[in-house]
Structures are given as structure tokens and as C-alpha cells.
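# Observations on chain architecture
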Amino acid sequence: MGNALREWLRRNPLAGDALLAVGLILGEVVFTLLTPREFWPRPLPAALGWSVLCAAPVVLRRVAPWPALLAALATLLLPVLMSVAPTTQSLTFVVLTYTMAAYRPVRPAVVAAVGLWLPVAVANTLVPPEGIPQVSTAFLIANNILVGIVSFSVGRTVHARRSSTEALRERARVAEANQRALAEQAVADERRRIARELHDVVAHHVSVMGVLATGVRRVLRRDPDGADEAMATIEETSRATLRELRRLLDVLRTEAEPAVELAPQPGISGIEALTDQVREAGLPVTLTVTGTPGQLEEGVALTVYRIVQEALTNALKHAGTATAQVRVGFAGDAVEVEVTDTGRGPSPDTDRIGHGLVGMRERVGLYGGILRIGARTGGGYRVYARIPVEPLPDASRR
């Protein structure tokens, strides 16, 4: 219940300050009832009304602090013009001094404190309060200054503690973020280590299957039983390899990449559809294919597709009003891909391709190829890659 009330007051400062003003008024009523009747203000209802007027600036102390200060200063005319000085007037000055010191920087807080208590001292000098024991004007001024200093000091102490608490919270938040980043980095490093180990296992299984398949072809006719036994071993090894591949994918998959249904990876045949999509997006692009595409490894075909995709994506983003040309050539021992555009070229102070450049280099380097990326003479950009290929055995041959 208490936490809910504090939360409600925090979200509704005007309502909370209105309750504070009511509390100041009730405090004066109680104080008046506890004093002898001969010291009661006359008439009592009018005095209560002046008390409400003097406490009103407290309602605005957080939502409109400077207007609240001006309204409080205006109440100083009461003792000068009407010889009325409600207790809530002094309490309001204390509350406003504390509020400015606690919620504002030091310079505005000092200005507010001086602006509040200096006129109070002047008013006490001109019109000393009545109904209290005879005291000197110097005592009244010193007393007001002391009250103002104490109110200001308490407010600054609260301000300093609040600032320290916020700094500690921010430090804790940063430390937690760093700890989370370190934990995520450790997880990523461990996943890479596991992936390397699983890769070695998979590579070993595939090597074993290749050796066994070669042996089967050699002994198939003269030793069918031995060939059948080798084929059974290949079958079991392939199942184990598939299981390890699934584990490898699970290790590499992140939370941002949930498991999806398996789909064919794009290859050479998908480049034409890719250029059509880019052309529809607003970049005129032509595709030229030379040579006869033979049977390529799926990884090589995927690499060629990704190079074209990344190059056209960057041309679409950065080339501006331009045209692009894609050339794919097939030779006996290599496949070449070149993507050029006639755009304005890369910005001298930015990395045009960024992570895409890293990805292309990794893919091409994986197959022992070469990659050249840079500005063209006369304007535009050029991406060129040459990837050596090994001819795959014809499936129809035994």
C-alpha cells in the first residue's frame, strides 16, 4: 500500500504537492488551537483564508517552480499592507527554498534562495511582526537567514545524494551491460570452438565415406560380400555425419536465427531472378553469361550468387542514378564473376561495403580464389572474383 501511494505521488506531482499544501494549512490550524486564545488571529475565518492563500504556491513548487516563487513573494505584501503574517507563509518559503535546492542546479538554487529570503529580511525590517516578545530587528533578520541557510543546505544534501544514487545506478547498468557482453562473447567463442571440433568430426566421416566408396567400386564385382559390408559402413557413417551436421547447425544458430524448414540454397540459376528483382527495385542491370556452366560444387555456386547479390545491393544503395552490369564467365578451370556500375563511386570517408566485403573475401578465400574490389577509372565501382573449380565426375559414368 505504501509503495503504491509513493508511486502514485511520483506520477502525479501536482496532486502530491496539493496534499502538502493542505498539510501546511492543517499544521497552522493545530498550532493556532494550541496557543492561548488571546494570541489567536482575528477574525479567525479570515486568517484561515490568508493561510490558504500563502500555502497555494506550494502546489506549483515542482510543476512551475519560478511562478511559485513569484506568488510566494507576492504574499509578503500581507504583513506590509494588512499586518497579517500567517505561519504558512514562513513554511511556504522553507518548502520552496528546499525544493529549488533539491531539484535544481546550484546556481538557480542560490538565486532562488536569495530572491526569497532577502525580501523577507527587508519586510521584517520595515514591518516587525506583532504579537511576539520584543526582539530586535537584527535578531529577526539573523533568524530568517539561518532558516533559509538550513533549508538550502538540506535541499543540496538531498540533491547530492540523489545525484550519487543516479550515478551508482548508471554505473551498475553499464557494469551489467558489460558483463552481459562478456558472457555473450564467451558463449560465441565456445560455440566457435565446438563448431571447429564438429567440423573436424564431419570432415573425418566424409573422408572415410570417400575412401570406402572408392574401395567398393574396386571390389564390387569380384567380392560382393565385402562390397556390401563396406556399403553398410558408408550407410552408418553417413547417418553419423548427418547427425553431426545437425549438431553443428544447432551450435552456429543464434537466438535471432530460429530453426526454419530446410530450403535449397540459391546458385547460378538464381542470378537471373536476382537481377530481375534489382531491376524492379530501380537499378537498370544487364546480365551476361559466357561459356557453358558445367557441374559446380554447390558451395562455389552459392559463393557466386552471394557475390552478385552483395555487389548489386551496394550498387542499389550507394550508386545513385546509375546502371549496372553483371558478367559471369565459365572456363574449364575457373568461374569468373564481375559486377560493375556507373554510379558516383564510394564515399572517401566511409566503407561502402562494410561487412559484405568481409563476407565476400571469406567465401572466395575458402575456395582459393581471388577478389578485387575498388573504384573504376572514370567513375563507378567494380567487384571481380575468380574462383578455381574442379570438374565433378559425371553421374552417368560408373
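Residues numbered from 1 in each chain as written. Predicted model: local features only at pLDDT ≥ 70, side-chain atom pairs only at ≥ 80, totals over all residues. Heavy atoms only, no water.

## Remarks on the overall build of the protein chain
When its secondary structure is counted, the protein chain shows twelve helices and five strands. Relative to its full complement of 398 residues, the protein chain shows a buried share of 29%. In the protein chain, the share of contacts with a sequence separation of at least 24, taken over all contacts with a separation of at least 6, comes to 68%. Carbon and sulfur atoms form 60% of the exposed surface of the protein chain, whose accessible area is close to 25,700 Å². (Helix = DSSP H or I, 4+ residues; strand = E, 2+ residues; numbered from the N terminus. Buried < 20%, exposed > 50% of the residue type's maximum accessible area, 1.4 Å probe, protein only. Contact = heavy atoms within 4.5 Å. Areas by Shrake-Rupley, 256 points an atom, 1.4 Å probe, with all protein chains shown as cover.)

## Overview of the sheet that holds strand S2 (residues 324–330)
The strand order across the open sheet built from five strands is S1-S2-S3-S5-S4, with neighbouring strands paired in mixed fashion. In this open sheet, the two edge strands, each paired with only one partner strand, are strand S1 (285–290) and strand S4 (370–375). Each adjacent strand pair in this sheet contributes to an overall mean axis angle of 5°, direction not counted. With six bridges joining them, S4 and strand S5 (residues 381–388) adopt antiparallel strand pairing. Its bridge partner lying in S5, arginine 372 is registered against tyrosine 384. The strands touched by helix H10 (residues 271–280) within the sheet are S1 and S2, with S1 carrying the most contacts at an inclination of about 165°. Contacts from helix H11 (residues 298–318) reach S1, S2, strand S3 (334–341) and S5 within the one sheet, and its direction differs from that of S3 by about 5°. (Pairing = 2+ DSSP bridges. Axes fitted to C-alpha atoms, helices over the stretch in contact; angles between N-to-C directions.)

## Observations regarding the packing of aromatic side chains
Overall, the coordinates contain one aromatic pair when judged by the stated rule. The positively charged end of arginine 162 is found above the aromatic ring belonging to tyrosine 103, 4.7 Å away from the centroid. (Phe/Tyr/Trp six-rings, centres within 6.5 Å; stacked < 30°, edge-to-face > 60°. Lys NZ or Arg CZ within 6 Å of the ring centre and 35° of its normal.)

## Some remarks on the packing of helix H2 (residues 13–34) against helix H6 (residues 87–103)
Close contact between H2 and H6 brings their axes to 9 Å; oriented N to C, the two are set at 140°. Between H2 and H6, the angle falls in the class oblique. Here H2 runs over H6; the crossing is right-handed. Where H2 approaches H6, its residues Leu20, Leu24, Ile25, Glu28 and Phe31 are matched on the opposing element by Thr87, Thr88, Leu91, Thr92 and Val95. (Parallel < 35°, antiparallel > 145°, perpendicular 65-115°, else oblique. Left-handed = near helix turned anticlockwise from the far one by under 90°.)

## Here we look at the nonpolar core
Membership of the largest hydrophobic core comes to 29 residues, with the highest contact counts inside it found for Ile307, Val308, Leu312, Val326, Val328, Val335 and Val337. Where this core is concerned, the elements lending two or more residues are H10, H11, S2, S3, helix H12 (355–366) and S5. Among the elements that make up this core, the one with the highest residue count is H11 (eight residues). With residues near it in sequence (within four places) discarded, valine 335 still touches Val300, Val304, Val328, Gly329, Phe330, Ala385, Arg386, Ile387 and Val389. (Core = buried A, V, L, I, M, F, W, Y, C linked by side-chain atoms within 4.5 Å.)

## A word on the pairing of S2
The element S2 is extensively covered by neighbouring structure, given that five of its seven residues are classed as buried. In the sheet, S1 pairs with S2 via six bridges, with the strands oriented parallel. By the bridge assignment for S2, valine 285 is matched with alanine 324. The β-α-β motif built from S1, the intervening H11 and the parallel element S2 has left-handed crossover chirality. (Right-handed = clockwise from strand over helix to strand, strands pointing away.)

## Some points on the packing of helix H4 (residues 65–74) against helix H7 (residues 106–126)
One can describe the packing of H4 onto H7 by two numbers: an axis separation of 10 Å at closest approach and a directional angle of 10°. Taken together, the axes of H4 and H7 lie roughly parallel to each other. In contact with Trp66, Leu69, Ala72 and Leu73 of H4, H7 contributes Pro108, Val111, Ala112, Gly115, Leu116 and Pro119. Its residues assigned to classes, the contact of H4 with H7 comprises nine nonpolar, one polar and no charged. (Nonpolar A, V, L, I, M, F, W, Y, C, P; charged D, E, K, R; others polar.)

## So, a nonpolar patch on the surface
Side chains of Val106, Val110, Val114, Leu118, Val122 and Leu126 sit close together on the surface and give an oily, nonpolar patch of about 540 Å² of accessible area. Following the sequence through the fold, valine 122 ends up in helix H7. (Patch = residues over 30% accessible without salt bridge, like charges linked within 9 Å, V, L, I, M, F, W, Y side chains within 5 Å. Salt bridge = Lys/Arg side-chain N within 4 Å of Asp/Glu carboxyl O.)

## Topic: a negative patch on the surface
Taken together, the side chains of Asp223, Asp225, Asp228 and Glu229 present a region of like negative charge at the surface. Within the secondary structure, aspartate 225 is located in helix H9 (residues 224–252). (Lys, Arg positive; Asp, Glu negative; His and termini not counted. Charge placed at Lys NZ, Arg CZ, Asp CG, Glu CD.)

## Regarding the pattern of salt bridges
Under the criterion given, the structure shown has eleven salt bridges. The shortest N-O distance in the salt bridge between arginine 173 and glutamate 170 comes to 2.5 Å. Taken together, the positions of arginine 173 and glutamate 170, both in helix H8 (residues 137–219) and three residues apart, correspond to about one turn of that helix. Looking at arginine 173, the relative accessible area reads 46%, which means it is partly exposed. Residue glutamate 170 is classed as partly exposed on the basis of its relative accessible area, which comes to 38%. The network of salt bridges with shared partners includes Arg327, Asp333, Glu336, Glu338, Arg382 and Arg386.

## What about the confidence of the model for the protein chain?
Residues at a pLDDT of 70 or more form 81% of the protein chain, whose mean pLDDT is 79. Across residues 393–398, where pLDDT falls below 50, the model places three contacts with residues more than four positions away in sequence or in other chains. (pLDDT = per-residue confidence, 0-100.)

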